[in-house]
Amino acid sequence: MADRLDQPREPRRSLVPRLNFGGDDASGKISESIARFLGTPRFILYLTLFCIVWIAWNVWAPSDLRFDSAANGFTALTLMLSLQASYAAPLILLAQNRQTDRDRVQAEQDRQRAERNLADTEYLAREMAALRIALGEVATRDFVRSELRSLLEDLEEQRQSERDAEHGERRTDRA
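Residues numbered from 1 in each chain as written. Predicted model: local features only at pLDDT ≥ 70, side-chain atom pairs only at ≥ 80, totals over all residues. Heavy atoms only, no water.

Chemist: Describe the overall build of the protein chain, and please don't skip the residues or the numbers.
Modeler: Within the protein chain, the regular secondary structure consists of four helices and zero strands. Secondary structure elements of the protein chain, listed N to C terminal, follow the sequence α-α-α-α. For the protein chain, the proportion of its 175 residues judged to be buried stands at 10%. Contacts in the protein chain between residues far apart in sequence, at least 24 positions, make up 48% of those at least 6 positions apart. (Helix = DSSP H or I, 4+ residues; strand = E, 2+ residues; numbered from the N terminus. Buried < 20%, exposed > 50% of the residue type's maximum accessible area, 1.4 Å probe, protein only. Contact = heavy atoms within 4.5 Å.)

The following block contains the structure:
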């Protein structure tokens, strides 16, 4: 009996090791890798070489070593190629379905990213508009200069009037 019921048992040892091809989606990954290989020039080259060797053997090899008759239209070769095609077609379809699923997920992620970008752009546009409005209320350099000039002129007028008043008092005192 296990010490704790909330813990899984340790796996049993077996004579035949279990192969792990990547979890639940192992068959999909394997079918995709086979389908990818079936679509390569290397596969076409291998298949062509296989057919050439097959036909050459069954045409030029000694009669007792031939296993597929050219007189029967290379029936065994036709069956081999049909078998290969019958396995290749579903594997290619599985790979296409998986690619369609990935494309669908990618399109959804792209749509969400585009929505976030649009929201960010709209936010930034609103912030820029708010800054423009706020800058309209902020004193600019020219405004500050004109205010300082007018204050300076007011101070100079005030100083001049004080001087004039001082000169006027001196004249009245002398008189």
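That was the structure; now back to the text.
Chemist: Before we move on, could you go through the packing of helix H2 (residues 41-60) against helix H3 (residues 75-137) and cite the residues and values that matter?
Modeler: Two numbers describe a pair of packed helices, the interaxial angle and the distance between the axes. With their axes 11 Å apart at the nearest point, H2 and H3 run at an angle of 160° to one another. As the angle between them shows, H2 and H3 are arranged roughly antiparallel. Relative to H3, H2 is oriented so that their crossing is right-handed. For the pair H2 and H3, the contacting residues are Phe43, Leu47, Phe50, Cys51, Trp54 and Ile55 in the first and Ala76, Leu77, Met80, Leu81 and Gln84 in the second. Its residues placed into classes, the contact of H2 with H3 shows ten nonpolar, one polar and no charged. (Axes fitted to C-alpha atoms, helices over the stretch in contact; angles between N-to-C directions. Parallel < 35°, antiparallel > 145°, perpendicular 65-115°, else oblique. Left-handed = near helix turned anticlockwise from the far one by under 90°. Nonpolar A, V, L, I, M, F, W, Y, C, P; charged D, E, K, R; others polar.)

Chemist: Before we move on, can you summarise the environment of Cys51 with the specific residues and values?
Modeler: Examined against the element boundaries, Cys51 turns out to sit in helix H2. By relative accessible area, which is 15% here, Cys51 ends up buried. For Cys51, the residues in contact, after removing those within four places along its chain, are Leu77 and Leu81.

Chemist: So, the pattern of salt bridges: which residues are in play, and what are the values?
Modeler: Summed over all chains, the structure comprises seven salt bridges. Residues Glu108 and Arg111 are paired through a salt bridge, measuring 2.4 Å at the closest nitrogen-oxygen approach. You can see Glu108 and its partner Arg111 sitting in helix H3, three residues apart, about one turn around the helix. Classification of Glu108 by relative accessible area gives partly exposed; the value is 32%. (Salt bridge = Lys/Arg side-chain N within 4 Å of Asp/Glu carboxyl O.)

Chemist: Hey, could you go over H2 for me, with residue numbers and the actual values?
Modeler: In a regular helix each residue adds 1.5 Å, so 20 residues correspond to 28 Å; H2 covers 28 Å between its end C-alpha atoms and thus fits that length. Phe43, Cys51, Trp54 and Asn58 are the residues of H2 that are buried. Seen from one end, H2 has its buried residues packed into an arc of 70°, which puts them on one side. Away from the buried face of H2 by more than 90 degrees, exposed residues Pro41, Arg42, Ile52, Val53 and Trp60 are located. Against the buried residues of H2 lie helix H1 (26-38) and H3. (Expected span 1.5 Å × (residues − 1). Arc of directions from axis to C-beta.)

Chemist: Requested: an account of a nonpolar patch on the surface, with residues and values cited.
Modeler: A cluster of nonpolar side chains, Phe37, Leu45, Tyr46, Leu49 and Ile52, forms an exposed patch at the surface whose accessible area comes to about 490 Å². For the nonpolar patch, the element with the highest residue contribution is H2, accounting for four residues. (Patch = residues over 30% accessible without salt bridge, like charges linked within 9 Å, V, L, I, M, F, W, Y side chains within 5 Å. Areas by Shrake-Rupley, 256 points an atom, 1.4 Å probe, with all protein chains shown as cover.)

Chemist: Go over unusual backbone geometry, please, and point to the residues and values.
Modeler: In this structure, Phe74 takes a positive phi of about 50° despite not being glycine. For Phe74, the location among the structural elements is in the loop between H2 and H3.

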